[in-house]
Structure formats: structure tokens, C-alpha cells
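# Fold and contact review
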Amino acid sequence: MPPLSVMSREDSLALGQRVLGYMSAPDDARVGISSGYYSETEFALNQVQDGADGGGPGISFDERFGQKFGWGETDEVPLGETALRAVVARTEALARALDGRGATFPARDPLRPPAEANAALWSDATVGEMPPERRLAPILSSMNALERAGLTGAGRIFAGTYQDAALTKDGHFEYGRYTRYQYSLTARTKDGTGSGWAGWTGEDVSKADPQALTERASDLALRTRNPVAVEPGRYTVVMTAEAVGALVSSLASMFDGSRADSGLSPFSRPGGGNKLGLKVFDEQVTLSIDPMDPEGGFLPFQYVAPAGRILQYRPVTWVERGNLKTLSYPTQAQAAAHGLESVVGPVNALRMAGGSTTIDEMIASTTRGIYVTRFSSIMLISQRTLFQTGVTRDGTFLIEHGKITKPIKNMRFEDSPMFAFNNLIALGPARRVYVGDGSPVIVAPCATVRDFAFTSLTDAV
Amino acid sequence: VRVSAADTRREFLKLASAAAAGLLLPRDRWLFRDGRAAFGEPPLIDARAIAHQALDAAQAAGATFADVRVDLDVWQGVGSSIGYQETVNYGVRVLANGQWGFVEGRDPAPEAIVSIAQRAVQQARVNSAGRKTPVSLVPVPMVRDGHFVTPVVVDPFSVPVAEQQELLESAENAARAVAGIRSANATVGYQRIDRTFASTDGISMTQTLTGAFPQTLIAAPDATDPVEVVTRALDTELWAGGGYEVLRDARLPERMRRSAEEVMRATHPRSVDVGRYELVADATAMAALVERSLVAALDMDLVLGKRVNYDGTSFAAPPEQTLGIMPIASPVLTLRADRSLAGGLMTVGWDDEGVRPDDFPLIEHGIVSDYLTGREDAAGLGWWYTKRGQATRSHGCAVSWGGHPFPFIPNFSIDQSTADTSVDDLIKDVKKGVYLSGYVGVSADFGMLNVYARSDAVQEIRNGKLVGYLKNVGLQFQAKTFWKGLIALGGARSRQRVALGNPARLLYTYTVRSVPARFREVNVVNTGRTQ
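Residues numbered from 1 in each chain as written. Chains lettered and ligands numbered in written order. Predicted model: local features only at pLDDT ≥ 70, side-chain atom pairs only at ≥ 80, totals over all residues. Heavy atoms only, no water.

Looking now at the overall build of chain A. Across its full length, chain A carries nine helices and 21 strands. Radius of gyration (C-alpha) of chain A: 24 Å, near the 23 Å computed for a compact globule of 461 residues. Out of the 461 residues in chain A, the part that is buried amounts to 61%. Partitioning the contacts of chain A with sequence separation of at least 6, the portion at a separation of at least 24 is 73%. Carbon together with sulfur atoms contributes 49% to the accessible area of chain A, which is approximately 16500 Å² in total. Charged side chains in chain A number 45 positive and 51 negative. The centres of these two groups are separated by 5 Å. (Helix = DSSP H or I, 4+ residues; strand = E, 2+ residues; numbered from the N terminus. Rg over C-alpha atoms; globule rule 2.2 N^0.38 Å. Buried < 20%, exposed > 50% of the residue type's maximum accessible area, 1.4 Å probe, protein only. Contact = heavy atoms within 4.5 Å. Areas by Shrake-Rupley, 256 points an atom, 1.4 Å probe, with all protein chains shown as cover. Lys, Arg positive; Asp, Glu negative; His and termini not counted. Charge placed at Lys NZ, Arg CZ, Asp CG, Glu CD.)

Laid out in C-alpha cells, this is it:
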């Protein structure tokens, strides 16, 4: 059986150098080397439906010929040199055939020395090749627990191991690797009136607790049976970290300065320019990224072949105590023109700093409000205001006089983190949250938000 | 597993992409002719050998059934720069102990293929401990050495890049020449998938699928709000199965000019007043509403409850209380799956389980008559097909994105009205309404019940006339009420092809033959809230 581990630093470098050697203009070229393996098992209707394993290595690259630019990518690494040479040659032939008139390229700053990678991103070399037995065990436990509780369940375990590297001809080389583990499940009552969900995502498999997740989903399913309708309208809402995380995730890609300056972002100023230095959220709100974040970390670099750039990430605080502190511009010169230090971002990650109120205290201090476990089916309506709509799911309750009193029917919301995070009453402790497959790395707190807008009811359970 | 293997793999593999330049028709149908031919290189992989080695190894390891998909996938994008992607992938699916196993890989070495097949069988054996009902599959008509090729007039991978750039630029210039237009962009992507399929049923086939995806965006400032822009894209009109001719024959400069003129007419929109409005949807808007709110609800995995941990459930359930009984739309609505449509994005010779698709009704006169199924799910519908005097079969809706095949949206058509009704006819009796023209973003909740739709191209109807553009329009409705409020459809002359789905790749997108439609009142909300 061939080894399934991701490529080592040495192998990545050697492969990257070979690919540079296939190029006819390697002086203005970049190469990315990636490999990854994943495995998953899925159950529904209280039985295992299927599983899947796969993965392998791949390369990507870009090259400039004067005013002509081309990029390519392929996963044909196992096919050997001939295949890779052909992909490079094909890409070069296409690029050279371009009519280079009118093409513009953004300036690039020189690359900085590689940053140290976050050790917390890598837990266990065997994650990606987690054998089916190891995936099945927690699923069998979950299914048995659901059966005993008279519930119907569905869920998924996913484990992946990845490696990325980037290389240029003048010897700039970065390498990093990370693991990813996810466990999520939905428990439903057999009469179809109750449904609960719980999910976990992170790098360190040993921190996952499928049994606790199963208990949480089951408890929510039983407690949400026979929900009653409450009138849609503006409510004080106690949101779990997962619910807040869904709102936070729509902010992750928004800290792009050029977008803000062109009027297409929530950080554009009406009448032109951006909102740098202005108060954009309640003062409890601090939003940041940090590759070394122990809970919400990511690789300190990313090679983006279609952009011809190796992005190098450093810690950035976008919003501090409600004020927009910085935005990302592609070069130092552009950043300096806005009086900023150059930062690279946005990246597919965001941390919203927490507060000191527990979710029980939030409930206890709410006279009349709604408790939201999770949002689902979210559609972004406006890039400019982040106005979005979605529905509550898997655990929506009425809060009366400091207590959860009854399950209520799910409701559609129409709101925005730009509004909700200006209407904050309290924040709780922040933690990594699972807001969906393939979503950004999000760390978020639970929160109480006032005047959150629910606009219609749904019978969906 | 609906989450595609591609999604869970790597960023660079997120989209299946592929097939290179060179000759269009494989001369030897089992050996891919790809870009290497142009460089004097030998064929990339021997797909037939991979498929048969995998099947043999799976059977030797104890699989009672196995099928294999081998893909060579090539994508090329042309704009002011070029991008090129090429992937090779094979997926081995097996049944052992009544349970599925699936492993995919890229290494064509015989020992790697054997190992992948053995791992698939081992996975199935292990997971069989968690299955109570063994998987059963409906039979498939026999095909040996089948071959299907998307008809292509001009191989898009052979057309000089500069020639394509000139065409795209002339279209951009035609749009920019319209006074007031701020920006106009046109690019194009092409994809070719060479897919070899073989199963232990003795079925074997190759298919070469080709698609063209021109993408456009035209923008002008909103005169009523200096930082807002009015935009239009023509993608839903342009994407199709085929080659370079899809772009060449699109009259793109004229289309972009007309689209730019429409943008300029829309630059003084009025923010909508909330309330109840009658609704007229053009063929594009209608296609999007039907697809997201009705066809998606007929996905058999959703109906059976297999997806409650993802998208949720469907109101079109259970099948026993739905098929032939449940009116989910007004009697004017009949929908048919249409995977043999010439030039359709989802047009194939066989689906990804080796089943030749047929054109079958999904909804007849407002009543559900079938679901989107694969070989596993169709097994549960035997009672219904028997009642209808039909064979129990999969209709060929299975799609694989590098992982397990699953039921997916096919091409489909909406039956037109027998009267020769035009959009103007649909509008003329509306007292207070909105007219949606062009793409509509639609989001249904996780029970497919409460639906929200938004559009950038909305006009106000007053007393049978279009009186001006509106902005910040959101529609909110309960699906069952909404579809029962469908009053009338357009006739033959209003029929249009609409491309839907994303990303702009084959097997993610589909072609809808659609007509405009008129509905009873819906809730219109204003999405322009700023604080």
C-alpha cells in the first residue's frame, strides 16, 4: 500500500524545484505544492450510509511573460515528469499566445522571510488516513445512544490532513501542514416535531467529544418537540457561539480596502472613501486574525496562482473596541497612501473576542426574548450592508422572565452583523465554532443582541 | 456523501476541471487523446486499464458489486490572462456485506489501483456493522463499449487565444460605448471531461463532455445613490454544452450593448414599498424559482431523510403520501427532466452510475409524479412504477463530483401554455405588481417551506404597464401557497433556455427550458435597511 501521508518539507521543495525547472521564464514565476488526504463516514436514518477516502498531491504555478500572464494547476503528480511538463508547456503556450495589450498587474512587495507555522494546526499525522474502524466507533456510539432515546439521527465524521508549500526561483520557500477534524450530528424525534444539532471542528482530534455532542443534540431534539408559534418581530435574542459564528463568518472576507474604497463593502463610507477610524460596531466588538491563534489559527502563507501572489499573513486587529482600525491593501505603497501599515488579508478566518457573561446569565437577565441555537439557509442580500436572511434551526426557544419556557417554531430573520453587533447587550466566552462544511475558521462568543429582526414563521423542523 | 470529494480535498481541486487541447474525438475510444498529442507526447493514462484493474481487484477482495469512474478533466479560462487546469481522478465504489465503500485516487500505477479497490472493500466491510438494511440497486440496461460525445463544432481548446480575446474585447467595447456605463467585462471558460465508466454488471462506456461558459458583468452607477451600482450579467443566457461556437455564435457585442442599454434604463430605481404584489417572472426568473423551490425538493435523498444533517428535509414526503396525490403547484404546472436536450449543460449519454437518462415527468398538472433518483433510491419506488405500468428504474439523475454519485438536478423543462401567451399578456391584467427579469437568488429553508428570493432586475407594474425600476426588492413566501398561486404560463414564443447552477463547470450546471409566469400576490419586503 502506498504511503498516504502528506508531502514532507524536503519532498515539497524538491518537487517545486523540478517544476520551476520545467518553466521557460522562471524568474517571474511561483510554484505551489499541496497534498491532502481525507476520510469520512456518514450516517442517516440510524444506519451508516457510506464513507469515502481519498486525496493526493498537486501543484499550481503562475508565470509572467512581459505583459502576458498565465496560471495552471494539476493533480497529475503521480503521473510523473512527462505529465507535469506537458501541463506547464500547455499553460505557457496559452499565455504566450495572449494579446498582451491592456493587461495590468498590481505591484508586489518583496516577500518577507517565512514565518513560523502554528504547531497547534497539526495534531496527528494519521488523521487523514483515519482507518474506517476508528471513524465507525464514535458513530456506533452516537447511533446507539439515539436509539435508546427513541430518536432518529444523522451525522458525519470527517478527518483530513493537509500540506501547503510555495516556492520561487530566488529561493523563497514556505511550508506548512495542518489537520482538520469534524463531527456533527442531528437528532430528530420520530414524530418529526423535534430536532437538535451539535457539531465540533478543530485540528486536535483528541479534543473532540462525540458523546457530549450526541447528548447535546438529543437533549435539544427532546426539548424542541411540539413548538408553539410566536409573533415575528424585533426580539432580544440570546445566541449560542454557533449562531453568532454564522454572522461573524460573513464578515471574514470584508476587510479589503480597495473594495471598501469602491463602495462595495460594509466598510465603505456613504459619499465615498472608507470607514477607517470610525466606530462601526458596539465597543464590545473586537475582530482579529492571527496565524498563531491556538484556537483559530491558520497557515501563515497562502499561494494564490490566479493572482500570481504568495500572501503572507501576520496578526491583524481589524476592529478594536468597535472602531475600524485597519483594512488590507495589496501593497505597502497603497496601504501607506491610507496612512496604514501594510497588512495582508483578508483570510478565511476571523476571531470575535469574547466577554465575561455566561449564556445562563444572558438567559437569566432577559425578560422576554428568544434563544437561538443555530442559523441555517443563510443568503447574503447586500454586500454593502451585509443584510442577510436565514432561518433558526435545531433549538429555538422562548425566554420569559429569565427562563427558557417553551420551544417555538423556527423563524426567518432579516438582519446584518453590521446591525446586530451594534445592538449588543453582552458577550460570553469565545470558542472555535462549527458553522458548516468548508466554512472559515471562526472563533466566536455567545451573545445577547437586542432588536434582532424576525420577519416570518416556518413549519420546518 | 453529497459533500463532494473535490470539496473536501484541496483548494486547487475544488473544481473538477480538465481535458486538454488537441483532437476532439478519441481515436481509440479507451485512450484519452489530450493536450499531449499536440506536444507529441503519449496518451496520459489508459483509463480502460485503470477501470478493469480496479474492478478485478474489488471482486478479488470480495466486493459483490463495483463501479469505477475515471476522469480526465481539462479547463481553460481566457480573459486578459489565461488559466489552465488539468486533473486526473478515479473513484472506486463497491458493495460488500450489503454496504457501500468508496475510495478515490489519482495514481495510475497498478499497485495503487489495487490498493484503492481493496481499501474500498475494507471500508464497506467495516461500515456494514452500522447498516441494518443492505443496499439494493435497481437493474441497469446493459451497455458495452458505449460512447457519447457532446456535439462540438469548433474545439474550443484549438482556437487561438488572441482571437477569443478580440471577440471578448469587442463585446466589452460595445457595452462601454453606451453612455454612462462604468465597466464591462467578458471572459470565457471551457471544460472538457473525458469520463470512462465500467461496472461489474459488465457495463462499460466512455463519454466526452464539453461545455462553454462565457461570463459577463456590466455595471453603471446608481443615479439615486452614488456608491451603489446597477449590474447585469448574461451568464444564464450564454452557458451551454458545446464548443467555441457557443461563444462565437452568441452575437456577444450586440447582446452586451443591449444589456448595457438596459442597465442605463435601470439607473434611477425607486426603493420598493413593502406590501402585497402580484408577480410576473420572466423565463429566467421562473427557472430559478422552480429549480430552488420545487425541483430541489424532489431530491430523493432529501425526501427520504438522508440529508437532515445538511440541507434538511422536503415537504414532498413521504413518497407514499406524495406521488400521484399531493398537489404542490397549480394545475398549469408540468415539469419534465430533460437530460437528452441538445446543447444542454447536463446532457450526457449515461449518468454517473451508467444509466441512460430518460425524459420523465417530475410534476404533472401540479401533482408530484416522480423524484430525482439514483440506482439505490429508485429501489424504494417499485410500488409506484408498478402502479403506473412502468419498469422500476433509475431515470439517470446520478452525478459524481469525484466522490459517491448522488441524485442531482438534471436539465428540465417547464411545459408551455397552449395559448400563445407573451410576457406582455401576463402583465396586462396586473393592477399592482412586480416584474422580475433575469436571475433571481432564491433561498429555501431546511424544510423547503419558507422561501426568500431577491433580484437585481425588478420593474414595477401598475395597471398593466411597466412603470419603472425598483430596488431593494425581496420576496418572501410559503412554497406551497406560492406555487398554488401560479395563474398562467407563457406560450411557445416566450420559451427560452436558461443556464443555472454554479460554479461554471460541467455537472454542476444545468439547462432549463423555461417560460414566463404570472402568480397571485406575494409579500414584498424592502432589503435596503442600513442600520
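Another aspect to go through is the confidence of the model for chain B. Overall, the prediction assigns chain B a mean pLDDT of 91, with 92% of residues at 70 or greater. Throughout residues 1–41 of chain B the model reports pLDDT below 50, and contacts reaching past four residues in sequence, or to other chains, amount to 152 contacts. (pLDDT = per-residue confidence, 0-100.)

Let's shift gears to the interface of chain A and chain B. Chain A puts 101 residues into the contact, and the matching count from chain B is 87 residues. Carbon and sulfur atoms supply 55% of the area that chain A and chain B bury against each other, a total of about 7700 Å² over both sides. Broken down residue by residue, the surface that chain A buries against chain B is led by Glu73, Asp75 and Arg90 of chain A, which jointly contribute 9%. Note that Glu228 of chain B and Arg384 of chain A form a salt bridge whose closest N and O atoms lie 2.8 Å from each other. Where chain A touches chain B, the interface holds 47 residue pairs in polar contact (both at pLDDT 80 or more). When residues in the side of chain A that touches chain B are grouped by element, the largest group, twelve residues, is from strand S2 (residues 47–65) of chain A. Tallied by class, the residues present in the side of chain A that touches chain B amount to 43 nonpolar, 32 polar and 26 charged. As defined by bridge partners, strand S3 (residues 68–74) of chain A adjoins strand S2 (residues 82–96) of chain B across five bridges and the pair is classed as parallel. Looking across to S2 of chain B, one finds that Gly72 of chain A is bridged to Tyr84 of chain B. (Buried area = accessible area lost by both parts, 1.4 Å probe. Salt bridge = Lys/Arg side-chain N within 4 Å of Asp/Glu carboxyl O. Polar contact = N/O pair within 3.5 Å; in protein donor to acceptor, adjacent residues only side chain to side chain. Nonpolar A, V, L, I, M, F, W, Y, C, P; charged D, E, K, R; others polar. Pairing = 2+ DSSP bridges.)

Residues and elements named next belong to chain A. There is about 680 Å³ of room inside the second largest pocket. Among the elements of the structure, strand S1 (29–44) and strand S10 (309–312) are those that each provide at least two residues to the lining of the second largest pocket. Of all the elements, S10 adds the most residues to the lining of the second largest pocket, at four residues. Classifying every residue of the lining of the second largest pocket by side-chain character gives eleven nonpolar, seven polar and eleven charged. (1 Å grid on protein atoms, 1.4 Å probe; cavity = no way out; pocket = protein on both sides within 12 Å on 5 of 7 lines; lining within 4 Å. Points joined across faces, edges and corners; volume = space filled by probe spheres on them.)

What follows covers the pairing of strand S12 (residues 361–364) of chain B. All names here are of chain B. Inspection of the sheet shows strand S11 (residues 335–337) paired to S12 by two bridges, in the antiparallel sense. Looking at S12, one finds that Arg336 is bridged to Pro361. Bridge analysis of S12 against strand S13 (residues 367–368) gives two bridges, and the strand direction is antiparallel. Residue Ile363 lies in a different strand from S13, and its bridge partner there is Val368.

A separate point is the environment of Phe157 of chain B. All names here are of chain B. Within the secondary structure, Phe157 is located in the loop between strand S4 (146–149) and helix H5 (161–176). You can call Phe157 buried: its relative accessible area is 4%. For the pair formed by Phe157 and Tyr190, sequence separation is 33 residues and the distance between their alpha carbons is 7.7 Å.

Before going further, it helps to spend a moment on the packing of helix H3 (residues 132–148) of chain A against helix H4 (residues 110–127) of chain B. Direction vectors running N to C along H3 of chain A and H4 of chain B enclose 25°, while the axes themselves pass 9 Å from each other. The orientation of H3 of chain A with respect to H4 of chain B, classified from their angle, is roughly parallel. H3 of chain A and H4 of chain B meet at a crossing whose hand is right-handed. Across from Pro132, Glu133, Arg135 and Leu136 of chain A in H3 of chain A, the residues of H4 of chain B making contact are Gln122, Gln123, Val126 and Asn127 of chain B. A class-by-class count of the residues in the contact of H3 of chain A with H4 of chain B yields three nonpolar, three polar and two charged. (Axes fitted to C-alpha atoms, helices over the stretch in contact; angles between N-to-C directions. Parallel < 35°, antiparallel > 145°, perpendicular 65-115°, else oblique. Left-handed = near helix turned anticlockwise from the far one by under 90°.)

All names here are of chain A. Here Glu92 lies in helix H2 (residues 81–96). It turns out Glu92 is buried and unbridged, and the closest side chain with the opposite charge, Arg96, is 4.8 Å from it. Setting aside chain neighbours within four positions, we find Glu92 in contact with Tyr22, Met23, Ser24, Ala25, Glu63 and Phe65.

On to the packing of aromatic side chains. Enumeration according to the criterion identifies 29 aromatic pairs over all chains in this entry. Over the ring of Phe397 of chain A we find Arg223 of chain A; its NZ or CZ atom is 4.7 Å from the centre of that ring. (Phe/Tyr/Trp six-rings, centres within 6.5 Å; stacked < 30°, edge-to-face > 60°. Lys NZ or Arg CZ within 6 Å of the ring centre and 35° of its normal.)

Residue and element names in this part refer to chain B. Of all five residues making up strand S18 (residues 440–444), five are buried, and the element is well covered by its neighbours. Every second residue of S18 is oriented toward a common face, with Val440, Val442 and Ala444 on one face and Gly441 and Ser443 on the other, all of them buried. With five bridges joining them, S18 and strand S19 (residues 450–455) adopt antiparallel strand pairing. Across the sheet, the residue bridging to Ser443 is Tyr452, located in S19.

Right, let's get into unusual backbone geometry. A cis amide bond links Gly345 of chain A to the next residue, Pro346 of chain A, at an omega of -15°. For Pro346 of chain A, the location among the structural elements is in the loop between helix H7 (332–337) and strand S13 (349–352). With an omega of -10°, the peptide bond running from Ala317 of chain B to Pro318 of chain B counts as cis. Within the fold, Pro318 of chain B resides in the loop between helix H10 (300–304) and S11. Residues other than glycine seldom take positive phi values, yet Asn226 of chain A does so here, at roughly 50°. What makes Asn226 of chain A exposed here is its relative accessible area of 54%. The phi dihedral of Asn463 of chain B falls on the positive side, at around 50°, and the residue is not glycine.

Residue and element names in this part refer to chain B. Strand order in the open sheet made by the six strands is S13-S12-S11-S16-S25-S24, with mixed pairing throughout. Every other strand in the sheet has two partners, leaving S13 and strand S24 (496–500) as the edge strands with one partner each. Taken strand by strand, helix H9 (residues 283–293) contacts S11, strand S16 (412–414), S24 and strand S25 (510–514), and its axis lies near 50° from that of S24.

So, on to the pattern of salt bridges. When the charged atoms of two side chains lie near each other, side chains of opposite charge can form a pair. Residue and element names in this part refer to chain A. Summed over all chains, the structure comprises 57 salt bridges over all chains. Ionic pairing is found between Asp219 and Arg223, a salt bridge with its closest N-O pair at 2.9 Å. Residue Asp219 and its partner Arg223 are both found in helix H4 (residues 210–223); the two are separated by four residues, about one turn of the helix. Note on Asp219: relative accessible area 36%, which makes it partly exposed. Exposure remark for Arg223: the relative accessible area of 35% places this residue in the partly exposed category.

Once that is clear, we can look at the nonpolar core. Met286 and Trp483 of chain B are the most contacted members of the largest nonpolar core, which totals 162 residues. Aside from chain neighbours lying at most four places away, what touches Met286 of chain B is Ala281, Leu333, Ile414, Trp483, Leu486, Leu489, Ser514, Val515, Ala517 and Phe519 of chain B. The next biggest cluster of nonpolar side chains, apart from the first, holds 65 residues, and it includes Ala241, Phe255, Val316 and Phe413 of chain A. (Core = buried A, V, L, I, M, F, W, Y, C linked by side-chain atoms within 4.5 Å.)

Attention now goes to empty space enclosed by the protein. On inspection of all chains with the given rule, the structure shows seven cavities of 30 Å³ or more. Taken as a whole, the largest cavity holds about 280 Å³ of empty space. The wall of the largest cavity is formed by 22 residues, among which Asp50 of chain A together with Asp301, Lys306, Glu376 and Pro405 of chain B lie closest to the centre. Taken together, the elements giving at least two residues each to the lining of the largest cavity come down to S1 and S2 of chain A together with strand S15 (406–407) of chain B. Grouping the constituent residues of the lining of the largest cavity by class yields seven nonpolar, three polar and twelve charged.

Here we take up helix H8 (residues 252–265) of chain B. All names here are of chain B. With 14 residues, H8 ought to run about 20 Å at 1.5 Å a step, and its terminal C-alpha atoms sit 20 Å apart, in line with that. Of all the positions in H8, only Leu252, Arg255, Met256, Ser259, Ala260, Glu262 and Val263 are classed as buried. An end-on view of H8 places all buried positions within 160° of arc, on one side of the element. (Expected span 1.5 Å × (residues − 1). Arc of directions from axis to C-beta.)

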